[in-house]
Amino acid sequence: MSENTEAVKCSSDMFCGNRSIPMPLIIVLAAFSLVGLYGVGNILINGHASSLGVTRSVPWGLLISTYVFFVVSSTGLCLISSMGHVFGIEKYEVIGKRAIVLAILTLLCGFGVIGMEVGHPLRMAIYNVISPNLTSAIWWMGTLYSVYMVCIIIEFYFLMKHNHKGAFYAGLAGFIAGISAHSNLGAVFGFLEARPFWHGPYLPIYFILSALISGTALIIIIMNIAYGGPSKLSEKAKNAVLSLSKLFGLLLGIIIFFDIWKIITSLYGTPPEKYETVMTLIAGPLSVNFWLFEVLIGMLIPFGLILFSRGNSVKKALMAACFAVVGIFFMRYDLVVAGQLVPMRNAEDFAGGLASYAPSFSEISIVAGAILLCCALFLAAERYLNLSEE
């Protein structure tokens, strides 16, 4: 069979995947992801109280922050990929299938993680339908993310079938549903007037911005994985990655600006509880997370790599994206946990006037398992599905 004939056949075959992805790697990642079964089993057998590190004072912990990390990533992947087949920017069409399949996988893993947090996920799904609470931001979060999931699954199906019209409409619906669901996720925190650090219109906007950063970073990473490294990218893929790296640098600059003013407004005038919360980040129990992982690894190093390479180096963009994804994970953790460390009452009952929280091994195992499973599933999709747009 000639090379051209084989290329045409592969472009029309849904299961003509990237065989350069090693199967042993997929098996190893999937095997190690089974560590999550320890946490799942412990919760199902012994219950939340003895399995998780959360308390009445800090009821949201690592599982919630990891759920936020996954769904933020999913939304960002969808928003960035929509620039190609929805908004018609041709250079971004090459990222479409890979971004959407990873958006689906991160969303499903996010659902799995929060399912272990809520205790009765099946009951939650049933009552979400038969007994809706239209005044609840959490009800809207679950509903909107369910709609979003349906939209991106349909979008992926149309992309695999090369139905560009169907992909456009499904992608547009997914874009709207993703923006709605994700801004609503920010509102779940922003509506909490009892927690001044979260309360206000800042978080819904911040969540959208951070989603774009997560999505851009992950797309840069998966494009390099798909092609086997920076030096092996095709011309189309290289143009897309370099263009995304410039956008990535711009978004990082904006979020640095956001965070600086968030801290300044939280310190100036020492507003009650808001000031104490920020102090837990900059000089308290979460200071290492904040300065090392969130600020240095998550923002300054990636921004510096993009800035000094002027966005013209795929290798530097890949390094910046890897640093940023690690930093963003800790950014979610700091946001969720820091907002609860200042007690709403009886502060004298806590050492140093602050509540404490440390993730249990069950929580850590579930999170590690979910991340490894997501990686294994994406590599399997890359190996067995035709995700190339070329």
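Okay, so let's go over this structure. For every chain, the first residue of the written sequence is number 1, and numbering continues from 1 onward in sequence order. The predicted origin of the model limits local features to residues at a pLDDT of at least 70 and limits the giving and counting of side-chain atom pairs to 80 or more, whereas totals for whole chains, interfaces and linings rest on all residues. As a convention, hydrogens and water are excluded, and side-chain values are obtained from all of the structure's heavy atoms.

1. Notes on the side chain of R332
Where helices and strands are cited, they refer to DSSP runs of H or I of at least four residues and of E of at least two residues respectively, numbered from the N terminus. With respect to the element layout, R332 can be found in helix α14 (residues 314-341). For the buried R332, no salt bridge is present, and the opposite-charge side chain at shortest range is E294, 7.7 Å distant. Any two residues whose heavy atoms approach within 4.5 Å are treated as being in contact. Residue contacts for R332: discarding those within four places in its chain leaves S65, V68, F69, V72, Y206, S210 and S214. Only protein chains enter the accessibility calculation, which uses a 1.4 Å probe; a residue whose area is less than 20% of its type maximum is buried, one above 50% is exposed, and one in between is partly exposed. Charged residues are defined here as Lys and Arg on the positive side and Asp and Glu on the negative side; His and the ends of the chain fall outside this count. Each salt bridge in this description consists of a side-chain nitrogen of Lys or Arg and a carboxyl oxygen of Asp or Glu lying within 4 Å of one another.

2. Considering the pattern of salt bridges
A full pass over the atoms with the stated rule returns one salt bridge. A salt bridge links E382 to R98, with the shortest nitrogen-to-oxygen separation between them at 2.8 Å. With E382 in helix α15 (residues 361-384) and R98 in helix α6 (residues 96-118), the pair connects residues that are 284 residues apart, well separated along the chain. What makes R98 buried here is its relative accessible area of 4%.

3. Here we look at empty space enclosed by the protein
Note on definitions: the grid is 1 Å and covers protein atoms alone; a cavity is a set of points where a 1.4 Å probe fits but cannot get out; a pocket is an open set with protein on both sides within 12 Å along at least five of seven lines; lining residues have an atom within 4 Å of a point. Grid points are joined across faces, edges and corners, and a volume is the space filled by probe spheres set on the points. Here the structure, examined in full by the defined rule, presents three cavities of 30 Å³ or more. Computed from the structure, the largest cavity encloses a volume of approximately 170 Å³. Contributing to the lining of the largest cavity are 15 residues, with F197, D259, K262, L281 and E294 lying nearest its centre. Elements supplying a minimum of two residues to the lining of the largest cavity: α10 (202-227), α11 (235-267), α12 (274-282), α13 (287-309) and α14. Here the residues of the lining of the largest cavity sort into 11 nonpolar, no polar and four charged. Here the second largest cavity defines a volume of roughly 40 Å³. Elements with a minimum of two residues in the lining of the second largest cavity: α10, α11, α13 and α14. Under this grouping Gly is polar, as are all residues other than the nonpolar Ala, Val, Leu, Ile, Met, Phe, Trp, Tyr, Cys and Pro and the charged Asp, Glu, Lys and Arg.

4. Quick word on a nonpolar patch on the surface
On the surface, a nonpolar cluster with roughly 600 Å² of combined accessible area is contributed by F257, I260, W261, I264 and Y268. Within the secondary structure layout, Y268 lies in the loop between α11 and α12. Taking the relative accessible area as the measure of exposure, Y268 reaches 72% and is therefore exposed. For patches, a residue must show more than 30% relative accessible area and have no salt bridge; joins then use 9 Å for like charges and 5 Å for nonpolar side chains, namely Val, Leu, Ile, Met, Phe, Trp and Tyr. For accessible areas, the Shrake-Rupley method is used with a probe of radius 1.4 Å. Any residue's cover is judged against the shown protein chains and nothing else.

5. So, the environment of P121
Looking at the element boundaries, P121 is found in helix α7 (residues 121-130). For the pair P121 and F111, spaced 10 residues apart in the sequence, the C-alpha separation amounts to 9.3 Å.

6. Brief notes about the side chain of R383
Within the secondary structure, R383 sits in helix α15. Despite its burial, R383 remains without a salt bridge, the nearest opposite charge being carried by E382 at 10 Å. Ignoring sequence-local partners within four residues, the contact set of R383 consists of G17, N18, R19, I21, M23 and I26.

7. Considering the nonpolar core
Nonpolar cores were defined as sets of buried Ala, Val, Leu, Ile, Met, Phe, Trp, Tyr and Cys residues, with membership established by side-chain atoms within 4.5 Å. Core analysis: the largest hydrophobic core is formed by 114 residues, its most contacted members being I95, Y145, L185 and F248. Looking at which element gives the most residues to this core, the answer is α14, with 16 residues.

8. Some words on the packing of aromatic side chains
Working definition: rings of Phe, Tyr and Trp (its six-membered ring) pair if their centres are within 6.5 Å, and the pair is stacked with planes under 30 degrees apart, edge-to-face with planes over 60 apart, and tilted otherwise. Overall, the coordinates contain 19 aromatic pairs when judged by the stated rule. Arranged with centres 6.0 Å apart and planes meeting at 75 degrees, the rings of Y145 and Y148 form a pair that is edge-to-face. Of this pair, Y145 and Y148 both sit in helix α8 (residues 137-160), three residues apart, roughly one helical turn. With relative accessibility at 0%, the residue Y145 sits in the buried group.

9. Here we look at unusual backbone geometry
One non-glycine residue with positive phi stands out, namely H162, at about 60 degrees. In this fold, H162 is placed in the loop between α8 and α9 (164-190). A relative accessible area of 35% places H162 in the partly exposed class. A positive phi angle, near 55 degrees, is found at R310, a position not held by glycine. The topology assignment puts R310 in the loop between α13 and α14. Judged by its relative accessible area of 69%, R310 falls in the exposed class.

By themselves, these figures tell us nothing about what the structure is for.
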